[in-house]
Amino acid sequence: MTALEDWDDGPFRPEAVTVRVPAKINLSLSVGPLRADGYHELVTVFHAVSLYDEVIARAARGLSLTVEPLRRDSDVGGVPDDERNLAWRAALLLAEHAGVEPDVRLTVRKDIPVAGGMAGGSADAAAALVACDHLWGTGLRRDELHDLAGRLGSDVPFALHGGTAIGTGRGEHISPVLAAAGMEWVIAVMDGGLSTPKVFEACDLLRSRDGVTPDAPQVHPDLMSTLRSGDTERIGAALYNDLQPAAVELMPEIGELLDLGATAGAAGTLVSGSGPTTVFLVDGPVSAAEVEEQLRASGLCRAVRRARGPVPGAQVSNVR
Ligand code: C5P
């Protein structure tokens with residue numbers, strides 16, 4: 001018997017798989033009318049930034065989940081550790097699809113702001129899909145994972161994809177966009193979150209109060225050419241979010257922070273998704289420091305972070 005045959009004792013089954021997954025912001029978010037299924041037709045430009053959650057999938061009997069902070073100052077308040085957690089549902093959906101038992105111990109290590117409009121829960125679901133697929137050796141194709149992701153939530157497919165991409169439908173149809181590398185962001189994290197459905201609802205209410213009938217959603221052509229140019233000032237001026245007035249109405253401090261960031265010299269200011277996180281596009285470290293200092297001094301936010309984008313989507317970072 002050769003040494004190689006000695007070696008062959010079946011496929012390698014890892015004990016633990018770690019997946020790192022980024023937060024997203026929306027460089028543009030154009031919200032159309034409410035559809036019959038309760039979702040809004042939208043067109044958005046997703047952009048993955050370097051704030052990360054980690055999901056560890058360990059071999060186990062049965063399904064269990066724990067949530068913990070990734071850094072000492074990360075907040076995990078209110079994140080469920082049962083079937084209400086999208087990562088739990090992701091593991092179940094994958095197991096059902098692949099015809100395996102959902103045997104996994106999931107640890108969700110959070111740094112992405114909770115209920116912040118940065119798709120942290122969706123990111124964890126995408127990471128759980130990738131981690132369990134690896135742990136169980138189910139080997140799904142990219143398009144199969146993408147399909148399962150879309151069934152879990154509107155933002156989950158993008159968390160798999162990463163980079164900069166257009167999202168259509170309710171956000172789940174993704175196509176990549178050519179964008180210059182190396183945008184720098186200052187991110188203001190609020191105490192407390194906003195519920196995504198409530199912000200969409202407030203957007204509809206504001207529109208009906210103002211007698212506005214939304215057009216079909218679209219990406220402004222200027223934004224697309226500007227993104228390729230890499231010109232920070234032009235990109236900053238082209239950022240927009242139809243949910244911003246609703247988020248500001250629900251949490252007026254958001255408006256104050258946006259004004260502060262602009263006065264401090266940010267090239268662009270924006271509510272991330274449904275908020276309440278606000279993001280500030282800056283041109284280099286001097287501008288970043290100035291914006292960061294002003295936001296901190298305001299006393300309006302829980303934390304101020306820096307990040308860059310675009311970065312890749314959910315990726316296996318460790319296997320043992
Ligand atoms: O798809 P997901 O579960 O992340 O969506 C959460 C909620 O946000 C939906 O139930 C809906 O109220 C709102 N939403 C929407 N239109 C979208 C995406 C989300 O109205 N395109």
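Look up a bit, the structure's there.
Residues numbered from 1 in each chain as written. Predicted model: local features only at pLDDT ≥ 70, side-chain atom pairs only at ≥ 80, totals over all residues. Heavy atoms only, no water.

Asker: So what's going on with the overall build of the protein? Which residues, and what values?
Answerer: Regarding its fold elements, the protein presents 11 helices and 12 strands. Radius of gyration (C-alpha) of the protein: 20 Å, near the 20 Å computed for a compact globule of 320 residues. Scored against the burial criterion, the 320 residues of the protein give a buried share of 52%. In the protein, once contacts between residues fewer than 6 apart in sequence are set aside, the share between residues at least 24 apart is 77%. Distance between charge centroids for the protein: 3 Å, based on 28 positive and 44 negative side chains. (Helix = DSSP H or I, 4+ residues; strand = E, 2+ residues; numbered from the N terminus. Rg over C-alpha atoms; globule rule 2.2 N^0.38 Å. Buried < 20%, exposed > 50% of the residue type's maximum accessible area, 1.4 Å probe, protein only. Contact = heavy atoms within 4.5 Å. Lys, Arg positive; Asp, Glu negative; His and termini not counted. Charge placed at Lys NZ, Arg CZ, Asp CG, Glu CD.)

Asker: Give a detailed account of the environment of L92, specifying residues and quantitative values.
Answerer: One can find L92 in helix α2 (residues 86–98). C-alpha of L92 to C-alpha of D103: the two residues are 11 residues apart in sequence and 9.2 Å apart in space. Beyond its immediate chain neighbours, meaning those up to four positions away, L92 contacts L63 and P102.

Asker: Describe the pattern of salt bridges, listing the residues and the values that go with them.
Answerer: The tally for this structure, following the rule as stated, stands at 19 salt bridges. We note a salt bridge from D111 to R71, for which the minimum N-O separation is 3.6 Å. On the criterion of sequence distance, the pair formed by D111 in the loop between β4 (104–110) and α3 (120–136) and R71 in the loop between β3 (63–69) and α2 is long-range, its members being 40 residues apart. According to the relative accessible area criterion, D111 is buried, its value standing at 9%. In this structure R71 comes out as partly exposed when scored by relative accessible area, which is 36%. One salt bridge connects R141 with D143, and the closest N-O pair in it is separated by 3.0 Å. Taken together, the salt bridges that share partners define one network made up of R71, D73, D111 and R305. (Salt bridge = Lys/Arg side-chain N within 4 Å of Asp/Glu carboxyl O.)

Asker: Describe the side chain of E172, naming the residues involved and giving the relevant values.
Answerer: In this fold, E172 is placed in the loop between β5 (164–168) and β6 (173–176). By relative accessible area, E172 is classed as buried at 14%. A distance of 3.4 Å separates a polar atom in the side chain of E172 from a polar atom in the side chain of H173. Non-local contacts of E172, meaning those with residues more than four positions away in its chain, are made with H146, G150, S154 and P157. (Polar contact = N/O pair within 3.5 Å; in protein donor to acceptor, adjacent residues only side chain to side chain.)

Asker: Run through the packing of aromatic side chains, naming residues and quoting values.
Answerer: Scanning the entire structure with this criterion turns up one aromatic pair. Taking 4.7 Å as the distance between ring centres and 15 degrees as the angle between the ring planes, the aromatic pair formed by F46 and F158 counts as stacked. Taken together, the positions of F46 in strand β2 (residues 40–58) and F158 in helix α5 (residues 156–161) put the pair 112 residues apart, joining distant regions of the chain. Side by side, F46 and F158 carry an identical accessibility label, which is buried. Here the basic side chain of R170 rests over the ring of Y39, its NZ or CZ set 5.1 Å away from the ring centre. (Phe/Tyr/Trp six-rings, centres within 6.5 Å; stacked < 30°, edge-to-face > 60°. Lys NZ or Arg CZ within 6 Å of the ring centre and 35° of its normal.)

Asker: Please give an account of the pairing of β2 that cites residues and values.
Answerer: The buried count for β2 comes to 17 of 19 residues, which makes it a mostly enclosed element. When strand β1 (residues 16–34) meets β2, the two strands line up antiparallel, connected through 16 bridges. For L34, the partnering residue across the bridge sits in β2 and is H40. Hairpin connection, β1 to β2: the antiparallel pair is bridged by five residues, and G38 has positive phi, about 90 degrees. Relative to β5, β2 runs antiparallel, the two sharing four bridges. Across the sheet, the residue bridging to F46 is A165, located in β5. Relative to β4, β2 runs antiparallel, the two sharing five bridges. Pairing of V55 across the sheet is with V108, part of β4. (Pairing = 2+ DSSP bridges.)

Asker: Summarise the site of the ligand; cite the residues concerned and give the values.
Answerer: All residues adjacent to the ligand are G38, Y39, H40, L42, G153, S154, R170, T196, P197 and F200. In this structure, an oxygen atom belonging to the ligand sits 2.7 Å away from a side-chain N or O atom of H40. The side chain of S154 places a nitrogen or oxygen atom 2.5 Å from an oxygen atom of the ligand. Compared with its free state, where it exposes 450 Å², the ligand has 75% of that area covered by protein. For the shell around the ligand, the secondary structure elements donating two or more residues are β2 and α6 (196–209). (Near = heavy atom within 4 Å. Areas by Shrake-Rupley, 256 points an atom, 1.4 Å probe, with all protein chains shown as cover.)

Asker: So what about the side chain of S272? Which residues, and what values?
Answerer: Within the secondary structure layout, S272 lies in the loop between β9 (268–271) and β10 (278–282). Ignoring anything within four residues of it in the chain, the contact list for S272 reads K24, I25, N26, G116, G117, M118, N241, T277 and V279.

Asker: I'd like to hear about the sheet that holds β10, residue by residue, with values.
Answerer: Pairing within the open sheet is antiparallel, and its four strands lie in the order β9-β10-β7-β11. With one partner strand each, in any of the chains shown, β9 and β11 (303–309) form the two edges of the open sheet. Across this sheet, the average inter-strand angle for adjacent strands is 25 degrees, counted without regard to direction. (Axes fitted to C-alpha atoms, helices over the stretch in contact; angles between N-to-C directions.)

Asker: Give a description of α2 that names residues and reports values.
Answerer: With 13 residues, α2 should cover 18 Å at 1.5 Å per step; its first-to-last C-alpha distance of 18 Å lies within 8% of that length. Restricting attention to buried positions, one finds in α2 the residues L86, A87, W88, A90, A91, L93, L94 and A95. Packing partners of the buried residues in α2 comprise β3, β4, α3, α4 (142–152) and α5. By the N-cap criterion, in which a side-chain oxygen at the helix start approaches the backbone nitrogen of a residue two or three places on, α2 is capped by N85, the distance to A87 being 2.9 Å. (Expected span 1.5 Å × (residues − 1).)

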